[in-house]
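Below, each chain spelled out in residue letters.
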Amino acid sequence: MSDIYPIAIPKWGIEMVEGTINSWMKQTGDNVSKGDEILEIESDKIINAWEAPADGILRRQLVEEGDVRSVGQLLGIIAAADVDEESIDAFIQNFGEDKADAPAAAAAPAASTAVAEPAAAISETSKRTNPVVRRLAEELGVDLDTLTGTGRNGRITQDDVKAAVSQSAGDTAAVAASGVDIEPFSATRKTIAQRLSKAKQEIPHYYLSVEWEIDALVRQRAKLNEAGGQKVSLNDLIVHCVGKALMAEPRVNINVIDNAVHRFHQANVAVAVATDEGLFPVTLRAVETLSPADIAAATAELAERARSGKLEKSDISDGSFTVSNLGMYGIDQFTAIINPPMGAILALGAATEKAVVRNGEVVVATVLNATLSCDHRAIDGAVGASFLAALKKALDEIA
Amino acid sequence: MPQKTMRDAINEALHQEMAADDSVFVIGEDVAGGNGSDGTIGCAGGVFGVTSGLYEKFGPLRCIDTPISESAIVGAAAGAALVGMRPVAEIMFSDFIGVCMDQIVNQMAKFRYMFGGKTRCPAVIRFATGAGFSAAAQHSQTMYQMMTAVPGLKVVIPSNAYDAKGLLISAIRDDDPVLFFEPKALYQESCEVPDESYTIPFGEAAMPREGDDVTVVAFGQMVGRAMAAIDALEAQGISCDLIDPRTTSPLDSATILESVEATGRLVVVDESPPRCGLTADIAAMAADRAFHSLKAPIKQVCAPHSPVPFSTDLEAAYLPSAEKIQAAIQETLR
């Protein structure tokens, strides 16, 4: 028994509730050594390999590529060659019973022949479908067990599967004929959509807008870049100052999780990086210890990893505050949706020259609009304002 | 999504696969020139214009016009495939299989088996097939039912432009010899076809209609007619599963059997003559493996045991019509 190792969906990060089986890198019967990559699991926004905890043989694959399973659910079994099939069956049975949220195996009264379970489950579904429907469901990522068929005896049709994907019941072909292409969300897009909807619906946002004159900051940047070395952007300088401001006003440097505030001792600033697949908030850790040049270098490296799809969980987790900058797109100002569990996000517009009044005279100044979105459950208005004041101070000091 | 005819969809598949893979080439009679052409090479692209533009784009080495010898065309394709090329041969009409039968049945189909799996023959042969053109007895036969009987060959019969493109790309990438039968009556039929390249796996049926009362299996040109019959019956409250197997070898028997198990009634439609044909094959399979689900005798709708007539009226009477299919469906419900 002790030589049986379960492969289960790991919990990579605080918010992970489920994972998609992306691919099996080993097949049943393959020898595996400790540390071998056995399968790829896709969670939130990253794909990670699950590594074998010990030497053995991949004895069972209980899920197929594309399947989605909750954290902790059993995916397969690694065991030594001398472990018999009965022991593995028993292990799988017990594994099911341990998990309160996995009733499938344990609830069945006829638990005498463990091997028959997966087969029974499949034939139950196939009674109400056909191979064409099952292939379509697999392609579109629809769980047939969750559908109610509209055909006779609850038979599930292709239309039922399509309707489950897009609630706009109109059939794909008909809509496409009017010049509209329908593209189902990718797993990543689905995650983004879910998180943003949840954030916007559940977090009581409030917004604080400021306009900063940043001529001195612009000059400072030019000076730094003239000196050679790593090119520094305005954003890098601001992120550097955000790190200092978060240290000065730690009540904004937080996560809000389950009615609790998690205060961070270091400023982990999430910066949104654009890729074809969407925006990835990558995390710059302990920004308060980094120079503007360090920040520029770290951001560039993370952006490259995001574009090539090589982000690790640690590259995108543990953020304590987000900075989102659309200045390069010529956006003057905008309000951003908080990226949970972080408590606040700072939205930066473009630095533009504008007429401002100084000491009763109209002069030209470089102006930047910034809007802070805060989670009012944890950050009061005065605290948000205090952070912006601290940030202004940091910006003035660096210049 | 853009609308394309089956002719254009097949042409696009050839263009995309030839651009993607240098080992792909086309070979056949008039694949560069063609019927009604002014004599300039590359001006038409085959009797049906399916290979048009390939000569201009890929040149004479990859778009090879041949003398009139089907056995030479298929023999050359089989040989090229053995040494690593991916030829797409065109035999104008599937009726001409008669003159290259040995190359197809005795050579291509056997290599992989007789060399103990040590070689492969990734060749595709395209044929214009079927009746409906008043092209008479020697230019209207399907022949695919005979080829389906030969182990070692894969047999594809697309019923629409979308499937034709995806199936042809799969055929070209397949490592076994594939016979690709294009119902010529459908060349001008269009539907939505994506611009990008995509594949449709072999052995996976499509189900363009889903219903509860009767399972209808139809091939090639007959899929559209079966669809019309089924749609007309909907007003009477009769709903049918329509299965288009798309490939007859391999055959997606699971989809057919599961549907028959659900409906208990089966109508099989093909435009070939009845003896030893696809309808008899499917009917036998259902009788053998789904007998206890059957609530009525299986009906076969196909052509009579006769050569395809030249006269348009006779030809129309020869082919299964939507009305005949409808009548057969109703008969299973009597």
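Residue numbers restart at each chain and count upward from 1, following the sequence in its written direction. Here every chain gets a letter starting at A, and every ligand a number starting at 1, in the order they are written. The predicted origin of the model limits local features to residues at a pLDDT of at least 70 and limits the giving and counting of side-chain atom pairs to 80 or more, whereas totals for whole chains, interfaces and linings rest on all residues.

Draft legend 1. Spotlight on the overall build of chain A. Looking only at helices and strands, chain A has twelve helices and 17 strands in total. Each of the 399 residues in chain A was classed as buried or not, and the buried ones make up 32%. A sequence separation of at least 24 residues applies to 60% of the contacts in chain A between residues at least 6 apart. Strands here mean DSSP runs of E at least two residues long; helices mean DSSP runs of H or I at least four residues long; both are numbered from the N terminus. A residue is called partly exposed when the number of other C-beta atoms within 10 Å of its own lies between 12 and 20, exposed at 12 or fewer, and buried at 20 or more, with C-beta atoms placed from the backbone. Two residues form a contact once the distance between their C-beta atoms, set from the backbone, is within 7 Å.

Draft legend 2. Summary view of the overall build of chain B. The helix and strand tally for chain B stands at eleven helices and 14 strands. For chain B, buried positions account for 56% of its 334 residues. For chain B, restricting intrachain contacts to residue pairs at least 6 apart in sequence, the fraction spanning at least 24 positions comes to 77%.

Draft legend 3. Spotlight on the pairing of strand β2 (residues 18-24) of chain A. All names here are of chain A. Should DSSP find at least two bridges between two strands, the strands are regarded as paired. Sheet analysis places β2 next to strand β7 (residues 68-70), joined by three bridges and oriented antiparallel. Directly across from T20, in β7, lies its bridge partner V68. Bridge analysis of β2 against strand β4 (residues 37-43) gives four bridges, and the strand direction is antiparallel. Across the sheet, the residue bridging to T20 is E42, located in β4.

Draft legend 4. Local environment of the packing of helix α7 (residues 221-234) of chain B against helix α11 (residues 322-332) of chain B. All names here are of chain B. For the pair α7 and α11, the least separation of the axes is 8 Å and the interaxial angle reads 55 degrees. For the element pair α7 / α11, the angle class is oblique. For the element pair α7 and α11, the recorded crossing hand is right-handed. When α7 is examined against α11, the residues R225, A226, A228, A229, A232 and L233 are found in contact with a partner set consisting of A322, I325, Q326 and I329. For the contact of α7 with α11, the class distribution of residues is eight nonpolar, one polar and one charged. Structural elements are reduced to axes, namely lines fitted to C-alpha atoms, with helices fitted over the stretch in contact, and the angle between N-to-C directions of any two is expressed from 0 to 180 degrees. Each angle gets one of four labels, with under 35 degrees taken as roughly parallel, over 145 as roughly antiparallel, 65 to 115 as roughly perpendicular, and the rest as oblique. Handedness of a crossing follows from how the near helix is turned relative to the far one, being left-handed for an anticlockwise turn of less than a right angle and right-handed for a clockwise one. Classification used: nonpolar for Ala, Val, Leu, Ile, Met, Phe, Trp, Tyr, Cys and Pro, charged for Asp, Glu, Lys and Arg, polar for all others including Gly.

Draft legend 5. Here's a closer look at the sheet that holds β7(A). All names here are of chain A. Spatial strand order, β5-β4-β2-β7: four strands in an open sheet with antiparallel pairing. Each of the sheet's edge strands pairs with one partner strand only, and the pair in question is β5 (46-51) and β7. The mean inter-strand angle of the sheet, taken between neighbouring strand axes irrespective of direction, is 40 degrees.

Draft legend 6. How the structure looks around the sheet that holds strand β2 (residues 24-28) of chain B. All names here are of chain B. On the basis of which strands lie adjacent, the open sheet formed by seven strands has the order β3-β2-β4-β5-β7-β6-β12 and mixed pairing. At either end of the open sheet lies a strand with only one pairing partner, and these are β3 (63-65) and β12 (247-249). For this sheet, the mean inter-axis angle between neighbouring strands, taken without regard to orientation, is 20 degrees. Relative to strand β4 (residues 86-93), β2 is paired through five bridges, and the arrangement is parallel. For F25, the partnering residue across the bridge sits in β4 and is P87. Contacting β2, β4 and β7 (178-183), helix α1 (residues 6-20) crosses the sheet at an angle of about 130 degrees to β2.

Draft legend 7. Fine view of the nonpolar core. Membership of the largest hydrophobic core comes to 114 residues, with the highest contact counts inside it found for B:A77, B:I125, B:F180, B:V216, B:A226, B:V267 and B:V269. When residues in this core are grouped by element, the largest group, eight residues, is from helix α6 (residues 161-173) of chain B. Discounting residues that sit within four places of it in the chain, B:A77 has contacts with B:I27, B:P87, B:A89, B:A123 and B:I125. By definition, a nonpolar core groups buried Ala, Val, Leu, Ile, Met, Phe, Trp, Tyr and Cys residues that connect through C-beta atoms lying within 7 Å of each other. Of all hydrophobic cores here, the second largest spans 55 residues; its members include A:A270, A:L302, A:I316 and A:M342.

Draft legend 8. Broad picture of the interface of chain A and chain B. On the chain B side, the residues contacting the 13 residues of chain A number 14 residues. Those elements that provide at least two residues to the side of chain A that touches chain B are α4 (131-140) and α6 (172-177) of chain A. A per-element tally of the side of chain A that touches chain B places α4(A) first, with three residues. A class-by-class count of the residues in the side of chain A that touches chain B yields four nonpolar, five polar and four charged.

Draft legend 9. How the structure looks around the environment of B:M108. All names here are of chain B. Within the secondary structure, M108 sits in helix α4 (residues 101-114). In sequence terms M108 and G75 are 33 residues apart; their C-alpha atoms lie 8.5 Å from each other. Those residues in contact with M108, other than ones at most four positions away along the chain, are A78, Q103, C121, A123 and P177.

Draft legend 10. Molecular detail of unusual backbone geometry. A cis geometry characterises the amide bond from A:P340 onward to A:P341, with omega recorded as 5 degrees. Following the sequence through the fold, A:P341 ends up in the loop between β14 (321-325) and β15 (344-348). Geometrically, the link from B:S249 to B:P250 is a cis peptide bond, its omega value of 5 degrees lying close to zero. For A:N359, which is not glycine, the phi dihedral falls at a positive 50 degrees. With respect to the helices and strands, the residue A:N359 is situated in the loop between β16 (352-358) and β17 (361-375). For A:N359, a count of 5 C-beta atoms within 10 Å puts it in the exposed group. One non-glycine residue, B:C276, adopts positive backbone phi at about 50 degrees. By secondary structure assignment, the location of B:C276 is in the loop between β13 (266-269) and α9 (278-289). What makes B:C276 exposed here is the crowd of 11 C-beta atoms within 10 Å.

Draft legend 11. Structural view of the packing of helix α9 (residues 234-248) of chain A against helix α10 (residues 292-307) of chain A. All names here are of chain A. Running from N to C, α9 and α10 point in directions that differ by 115 degrees, and their axes come no closer than 8 Å. On the basis of their axis angle, the class for α9 and α10 is roughly perpendicular. For α9 against α10, the interelement crossing comes out right-handed. Within the contact between the two elements, α9 uses D236, L237, V239 and H240 and α10 uses P292, I295, A296 and T299. Counted by class, the contact of α9 with α10 contains five nonpolar, two polar and one charged residues.

Draft legend 12. Examining the environment of A:I21 more closely. Residues and elements named next belong to chain A. In this fold, I21 is placed in strand β2. Here I21 falls in the buried class, since 22 other C-beta atoms lie within 10 Å of it. Spatially, the C-alpha atoms of I21 and L39 are 7.4 Å apart, while their sequence positions differ by 18 residues. With residues up to four places along the chain from it excluded, the contact list for I21 reads L39, I41, V63, E64, E65, G66, D67 and L75.

Draft legend 13. Molecular detail of the confidence of the model for chain B. Summary statistics for chain B give a mean pLDDT of 94 and a share of 97% for residues scoring 70 or more. We note a pTM of 0.54 for the whole complex and an ipTM of 0.75 for its interfaces. You can read pLDDT as the predictor saying how much it trusts each residue, on a scale of 0 to 100.

Draft legend 14. Examining the confidence of the model for chain A more closely. Residues and elements named next belong to chain A. Confidence in the prediction of chain A, expressed as mean pLDDT, is 82, and 86% of residues score 70 or more. Taken as a whole, residues 98-126 scores under 50 in pLDDT and shows 20 contacts with residues more than four places along the chain or in a different chain. Ignoring residues within four places in sequence, the model shows residues 168-174, a span with pLDDT below 50, making seven contacts including any to other chains.

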